[in-house]
Amino acid sequence: MAPIDPQGRTINYLRLSVTDRCNLRCSYCMPPQGVANIGHDTILSYEELYRIARSAVAIGIEKIRITGGEPLVRKGIIDFLRQLSAIPGLNQLVLTTNGVLLNELAADLRDAGVQRLNVSLDSLDAGTFARITRCGNLERVLSGIATARSCGLPVKLNMVVMRGINDHEIADFARLAADTAGTVRFIEYMPAIREPDWQRLVVPGSEILERIERYFTLLPLEQTRMAGPARNYRISGADGSVGIITPVSEHFCSQCNRIRVTSTGQAKGCLFADSCVDLKPALQTETDLLLTQALNSIIAVKPSGHLMNPSECHHQAFSMASIGG
Ligand code: SAM
Ligand code: SF4
């Protein structure tokens, strides 16, 4: 059974990062030169990541999302995913990607047991996409998404909404969800790297919703037990749906069901908590006992919430790529 934290929240979801490296340089995620190079010996081996996943499932985690950096740039990722999908008791193995390598890897991901993909896509305009990602090729990502869908892999799109940068495309993304019977989730921009004047970029979820509702009628969908923090809506008259994720304007901390482990083995109960538990000492022992204890200890001290809002944040600056978003 999934563990319950002191706030009464059921914790059934682990976000496991396999690398902090990336083949894009999204402006909201990392500086133009990328993140500082972490040595190979600091990044956990696949054996160590596997032990963490197995221990997490042993304490009751039911869903694992593989993330990064860009998880598909790490060599050997497909074999690792195949091992993970065979862990008894793991109900959902899903992955978040920027989509750049999907043409090459989608079929292998499906065969390895990945059940669903979230693809980050912040613009449908090639120029805007290249500006946000600092080097990305929109055509390549769109064709990767099409390849994944044609392989039978369900794909949800995640758009980080930024005022003055891509917010004029909100309705276009909702239309894309309606036209393709797909799901698009709109995520409030989070000031992870704390760039100066970040407040101007935040478009609150209520405004995103209002701007979609100028064109579409939205019907609220029920939240499922394993769902993430999105408030989901079916688009009336279409099979598509949209979700709104509001980490900044309306905290969903009281329903948070997740823990995170970074590619260097730091376990975190909250994306915006400055503290973490280092799993490396537990990984140096032969059995998984200390590892399960360390994971349980993160759940025991999981913060009740964070203090970020559209005008203030209190965390130390970090790159999402180093934690996994
Ligand atoms: N490289 C993969 C990708 O981009 O999908 C996985 C890692 S990325 C860090 C995970 C998620 O974090 C992506 O959906 C990305 O859009 C989101 N993210 C990164 N920085 C963000 C920010 N400042 N605000 C909101 N979401 C952010
Ligand atoms: Fe890379 Fe994902 Fe960060 Fe973009 S959001 S720079 S794709 S890790």
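Residues numbered from 1 in each chain as written. Chains lettered and ligands numbered in written order. Predicted model: local features only at pLDDT ≥ 70, side-chain atom pairs only at ≥ 80, totals over all residues. Heavy atoms only, no water.

*Asks:* Sorry if this is basic, but what is going on with the site of ligand 2 here?
*Replies:* All residues in the neighbourhood of ligand 2 are listed as Cys-22, Leu-24, Arg-25, Cys-26, Tyr-28, Cys-29, Met-30, Gly-69, Asn-98 and Ala-321. Broken down by class, the residue content of the shell around ligand 2 amounts to seven nonpolar, two polar and one charged. (Near = heavy atom within 4 Å. Nonpolar A, V, L, I, M, F, W, Y, C, P; charged D, E, K, R; others polar.)

*Asks:* Just checking my understanding: could you explain the packing of aromatic side chains for this structure?
*Replies:* Under the defined criterion, the tally for this structure stands at two aromatic pairs. Judged by centre distance (4.7 Å) and plane angle (25°), the ring pair of Tyr-46 and Phe-80 falls under stacked. Residue Tyr-46 is found in helix H1 (residues 46-58), and its partner Phe-80 is found in helix H2 (residues 77-85); the two are separated by 34 residues along the sequence. A residue is classified by how much of its surface remains accessible, and Tyr-46, at 15% relative accessible area, is buried. A residue is classified by how much of its surface remains accessible, and Phe-80, at 1% relative accessible area, is buried. With centroids separated by 5.7 Å and ring planes inclined at 65°, the aromatic side chains of Phe-272 and Phe-318 adopt a geometry described as edge-to-face. Of this pair, Phe-272 sits in the loop between strand E11 (266-268) and strand E12 (277-278) while Phe-318 sits in the loop between helix H9 (289-300) and helix H10 (320-323), and the two are 46 residues apart along the sequence. Of the residues examined, Phe-272 reaches a relative accessible area of 10% and is grouped as buried. For the cation-ring pair, Lys-63 lies above Tyr-13, with the distance from its terminal atom to the ring centre recorded as 4.4 Å. (Phe/Tyr/Trp six-rings, centres within 6.5 Å; stacked < 30°, edge-to-face > 60°. Helix = DSSP H or I, 4+ residues; strand = E, 2+ residues; numbered from the N terminus. Buried < 20%, exposed > 50% of the residue type's maximum accessible area, 1.4 Å probe, protein only. Lys NZ or Arg CZ within 6 Å of the ring centre and 35° of its normal.)

*Asks:* Sorry, what's going on with the pairing of strand E5 (residues 155-161) here?
*Replies:* Looking along a regular strand, one sees the side chains alternate between the two faces of the sheet. A large share of E5 lies buried, amounting to six of its seven residues. The sheet contact formed by strand E4 (residues 116-120) and E5 spans four bridges and is parallel. Looking across to E5, one finds that Ser-120 is bridged to Asn-158. Looking at chain direction, E5 and strand E6 (residues 183-188) are connected through six bridges and run parallel. Looking at the pairing, Leu-157 lines up with Val-184 of E6. Each parallel crossover has a hand, and the one from E5 via helix H6 (residues 170-180) to E6 is right-handed. (Pairing = 2+ DSSP bridges. Right-handed = clockwise from strand over helix to strand, strands pointing away.)

*Asks:* Sorry if this is basic, but what is going on with unusual backbone geometry here?
*Replies:* Glycine aside, a negative phi is what most residues show, and trans is what most peptide bonds show. Backbone geometry at Arg-134 places phi at a positive 65°, although glycine is not the residue there. Within the secondary structure, Arg-134 is located in the loop between helix H4 (126-133) and helix H5 (138-150). Residue Asp-197 is not a glycine yet carries a positive backbone phi of 65°. Here Asp-197 is to be found in the loop between E6 and helix H7 (205-213). Assessed through its relative accessible area of 51%, Asp-197 is described here as exposed.

*Asks:* Would you mind going over H1 with me for this structure?
*Replies:* Count 3.6 residues to each turn of an α-helix, and residues three or four apart come out pointing the same way. In this model, H1 (13 residues) spans 18 Å end to end at C-alpha, consistent with the 18 Å of a helix rising 1.5 Å per residue. Along H1, the residues that are buried comprise Tyr-46, Leu-49, Arg-51, Ile-52, Ala-53, Ser-55, Ala-56 and Val-57. Looking at the buried positions of H1, the neighbouring elements they touch are strand E1 (13-17), strand E2 (63-67), H2, strand E10 (258-261), helix H8 (280-283) and H9. Phi turns positive, to about 120°, at Gly-60, one or two residues after H1. (Expected span 1.5 Å × (residues − 1). Contact = heavy atoms within 4.5 Å.)

*Asks:* When you look at the sheet that holds strand E9 (residues 241-245) in this model, what are you seeing that I'm missing?
*Replies:* Backbone-to-backbone hydrogen bonds pair the strands of a sheet. The strands run either parallel or antiparallel. Pairing is mixed in the open sheet, where 12 strands are placed in the order E7-E8-E9-E6-E5-E4-E3-E2-E1-E10-E11-E12. Whereas interior strands pair on both sides, the edge strands pair on one side only; in this sheet they are strand E7 (218-220) and E12. Relative to the sheet, H1 contacts E1, E2 and E10, its axis offset from that of E1 by approximately 175°. (Axes fitted to C-alpha atoms, helices over the stretch in contact; angles between N-to-C directions.)

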